[in-house]
Amino acid sequence: MRTPAPVTVTLVRGDITLQSVDAIVNAANSSLLGGGGVDGAIHRRGGPEILAACRELRASQYGKGLPTGQAVATTAGKLDARWVIHTVGPIYQVSGNDPSLLASCYRESLRVADELGARTVAFPAISTGVYRWPMDDAARIAVETVRNTPTAVEEVRFVLFDDRAYEAFVRQLG
Ligand code: AR6
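Since this is a predicted model, take the numbers as computed values, not measurements. (Residues numbered from 1 in each chain as written. Predicted model: local features only at pLDDT ≥ 70, side-chain atom pairs only at ≥ 80, totals over all residues. Heavy atoms only, no water.)

## Some points on the site of the ligand
Now for step 1: Every one of the 22 residues lining the ligand counts as a neighbour, but Asn29, Gly36, Asp39, Thr128 and Gly129 are closest to it.
Now for step 2: Measuring from a nitrogen atom of the ligand, one finds a side-chain N or O atom of Asp15 at 2.9 Å.
Now for step 3: Val38 is positioned such that a nitrogen or oxygen atom in its backbone is 2.8 Å from an oxygen atom of the ligand.
Now for step 4: For the ligand, whose free accessible area comes to 700 Å², the fraction covered by protein is 90%.
Now for step 5: If you map the ligand onto the pockets, it falls in the largest pocket.
Now for step 6: Secondary structure elements with two or more residues in the shell around the ligand: strand 2 (23-28) and helix 1 (37-46).
Now for step 7: Broken down by element, the residue count for the shell around the ligand peaks at four residues, all from helix 1.
Now for step 8: Tallied by class, residues from the shell around the ligand come to eleven nonpolar, nine polar and two charged. (Near = heavy atom within 4 Å. Polar contact = N/O pair within 3.5 Å; in protein donor to acceptor, adjacent residues only side chain to side chain. Areas by Shrake-Rupley, 256 points an atom, 1.4 Å probe, with all protein chains shown as cover. 1 Å grid on protein atoms, 1.4 Å probe; cavity = no way out; pocket = protein on both sides within 12 Å on 5 of 7 lines; lining within 4 Å. Sits in = over half its atoms within 2 Å of the grid points. Helix = DSSP H or I, 4+ residues; strand = E, 2+ residues; numbered from the N terminus. Nonpolar A, V, L, I, M, F, W, Y, C, P; charged D, E, K, R; others polar.)

## Focus on the pattern of salt bridges
Now for step 1: Overall, the coordinates contain nine salt bridges when judged by the stated rule.
Now for step 2: Between Glu115 and Arg111 there is a salt bridge; the shortest N-O distance is 2.6 Å. Residue Glu115 and its partner Arg111 are located together in helix 4 (residues 100-116), separated by four residues, close to a single helical turn.
Now for step 3: The partner of Arg171 in a salt bridge is Asp136, and the shortest N-O contact between them spans 2.9 Å. Placement of the pair is Arg171 in helix 6 (residues 163-173) and Asp136 in helix 5 (residues 135-148), with a sequence separation of 35 residues.
Now for step 4: The exposed category is assigned to Arg171, whose relative accessible area is 52%.
Now for step 5: Judged by its relative accessible area of 39%, Asp136 is partly exposed.
Now for step 6: Here the salt bridges do not stand alone but share partners, grouping Glu108, Arg111 and Glu115 into one network. (Salt bridge = Lys/Arg side-chain N within 4 Å of Asp/Glu carboxyl O. Buried < 20%, exposed > 50% of the residue type's maximum accessible area, 1.4 Å probe, protein only.)

Below you can see the structure in the form of structure tokens.
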């Protein structure tokens, strides 16, 4: 098999729901039925089709919800993307700062993106809002994991909502 070219990592300061990419990653919760933060923004702008697809997942293979560290795709509704990939980040206080589940979110999202054939994927800074993962540590885990995960995705775009997040990712990219 041909070895894919290394992924290009780009940084944008902005709103992930306004990105034009193949797949937008959502920092969801296990219920898959919406919430605040980036999850709320994706459902608001993407429209009810996304929630309907999430409800179908809950009625079929994810009856108990999506476990932390895993990822699953739905339609992107009205967003300028083909898919939303929902992943559930760890809550910092609960994870005892073990990075493995947060790394798993990035790895599993890229695995799902590869299954779909997505070439451009936008990620938020998973777990750094309501789930309270410290920004610098979360940025390090995000960048290291994406760089070390074999994938056919060509561009991973981290979309950071504020200066603090953007600067933390800039420091990691070096
Ligand atoms: N675009 C990009 N980044 C955003 C946006 C946006 N539109 N809105 C917020 N962020 P959070 P979590 C940033 O709380 O910590 C939800 O209720 C935000 O500034 O959205 O993984 C879910 O339903 C922060 O840096 O996700 C879960 O219950 C980052 O996105 C829970 O929150 C993640 O913040 C998940 O918590």
